[in-house]
Amino acid sequence: MRFCIITCTYNAENLIQRTLDSIASQTWEGIHHVVIDGASTDRTVETVERFYKDEKRVGHTLVSEPDKGLYDAMNKGLQRAKPDYVLFLNAGDTLHSPTTLEEIATKVNGNLPGVIYGDTNIVDATNRYVGKREHNPPEVLTWRSFKDGMLVCHQAFYVRTDIARKIPYDLRYRFSADVDWCIRVMKEAERQHLELFNMHSVVCNFLAGGLTIQNHRRSLHERFHIMMRHYGLLTTIWKHIGFAIGKREK
């Protein structure tokens, strides 16, 4: 099984090294790392180039040019993705352990599910464990599961490359296109009668404080429209009433 890890960066020299180290430390062979950089003005590109000058076990592609934002960069990464699975790890995010990809390949055991998913730990800027992600992945995941929120972290969502490449991110959404993309991917997997495989384990460490958190209100507005698009107006309103009640009870 081959994994394509896509990392989108912009002025990330203080974070990219731990992501590079995490990928290179994997015990599993067959990794290709695609770095899509938005024409950084710091030493991000130099750090990646220096790292892969010495690291020969992991194949890599580096592109540095202006883009139209994070999701445009992700689409550029998808265009360069190689089989069998695509995973997005942003600068500062890491795979949970050096054996993560080996464990995934072993559990899947030669099959190629439409999606492989798992749990997520949250870490801070010093890579210190903060806690488990608030949402827990459901035992059985379907595209309907996201009516209750983004139950699987984007960085813990491995997609078969043949599916991922045919479903670009919708650039109408600036902060929540990942939610829409995951739903559309799962719809396509269902259409092809492909399994969504639950790893029942932590597969990534997610750096707190990303784009969605920094633009929380606008992200929520986009998510409302995404839910309405996929689940209908009445369901979306009903679910948001439940979200509001749940927050008041906490």
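Before reading on, note that the structure itself is shown above.
This report concerns the structure included in the present document. From a predicted model like this one, the values you see are computed outputs, not experimental measurements.

Digging into the nonpolar core
Of all hydrophobic cores here, the largest spans 69 residues; its most connected members are I104, F146, F157, Y158 and W181. No other element matches helix 6 (residues 177–191), which puts eight residues into this core. Residue contacts for I104: discarding those within four places in its chain leaves F3, I116, Y158, M199 and V203.

Points about the pairing of strand 1 (residues 3–9)
Of all seven residues in strand 1, seven are buried, a share of seventy percent or more. Residues F3, I5, T7 and T9 point to one face of strand 1 and C4, I6 and C8 to the other, with burial holding for every one of them. One crossover worth recording links strand 1 to the parallel strand 2 (residues 31–37) by way of helix 1 (residues 16–24), and it is right-handed.

So, the packing of aromatic side chains
Scanning the entire structure with this criterion turns up eight aromatic pairs. Arranged with centres 5.6 Å apart and planes meeting at 25°, the rings of Y71 and Y169 form a pair that is stacked. Of this pair, Y71 sits in helix 3 (residues 70–79) while Y169 sits in the loop between helix 5 (161–164) and helix 6, placing them 98 residues apart in sequence. According to the relative accessible area criterion, Y169 is buried, its value standing at 3%. Ring centres of F157 and W181 lie 6.3 Å apart, and the angle between their planes is 65°; on these two criteria the pair is classed as edge-to-face. Pair noted here: F157 is in strand 8 (residues 157–160) and W181 is in helix 6, with a separation of 24 residues, a long-range link. When its relative accessible area of 1% is taken as the criterion, F157 is described as buried. One aromatic cluster in this structure is built from Y71, F88, F157, Y169 and W181. Taking NZ or CZ as reference, K187 lies 4.6 Å from the ring centre of W143, over its face.

Here we look at unusual backbone geometry
With an omega dihedral of 5°, the bond running from P83 to D84 counts as a cis peptide bond. With respect to the element layout, D84 can be found in the loop between helix 3 and strand 4 (85–88). Here A39, not a glycine, exhibits a phi torsion of approximately 60°, which is positive. Residue position: A39 is located in the loop between strand 2 and helix 2 (44–54). Its identity is not glycine, yet N109 carries a phi of approximately 60°, on the positive side. Here N109 lies in the loop between helix 4 (100–108) and strand 6 (115–123).

Definitions and cut-offs
- Residues numbered from 1 in each chain as written.
- Predicted model: local features only at pLDDT ≥ 70, side-chain atom pairs only at ≥ 80, totals over all residues.
- Heavy atoms only, no water.
- Core = buried A, V, L, I, M, F, W, Y, C linked by side-chain atoms within 4.5 Å.
- Buried < 20%, exposed > 50% of the residue type's maximum accessible area, 1.4 Å probe, protein only.
- Helix = DSSP H or I, 4+ residues; strand = E, 2+ residues; numbered from the N terminus.
- Contact = heavy atoms within 4.5 Å.
- Right-handed = clockwise from strand over helix to strand, strands pointing away.
- Phe/Tyr/Trp six-rings, centres within 6.5 Å; stacked < 30°, edge-to-face > 60°.
- Lys NZ or Arg CZ within 6 Å of the ring centre and 35° of its normal.

All we've got here are geometric facts, nothing functional implied.
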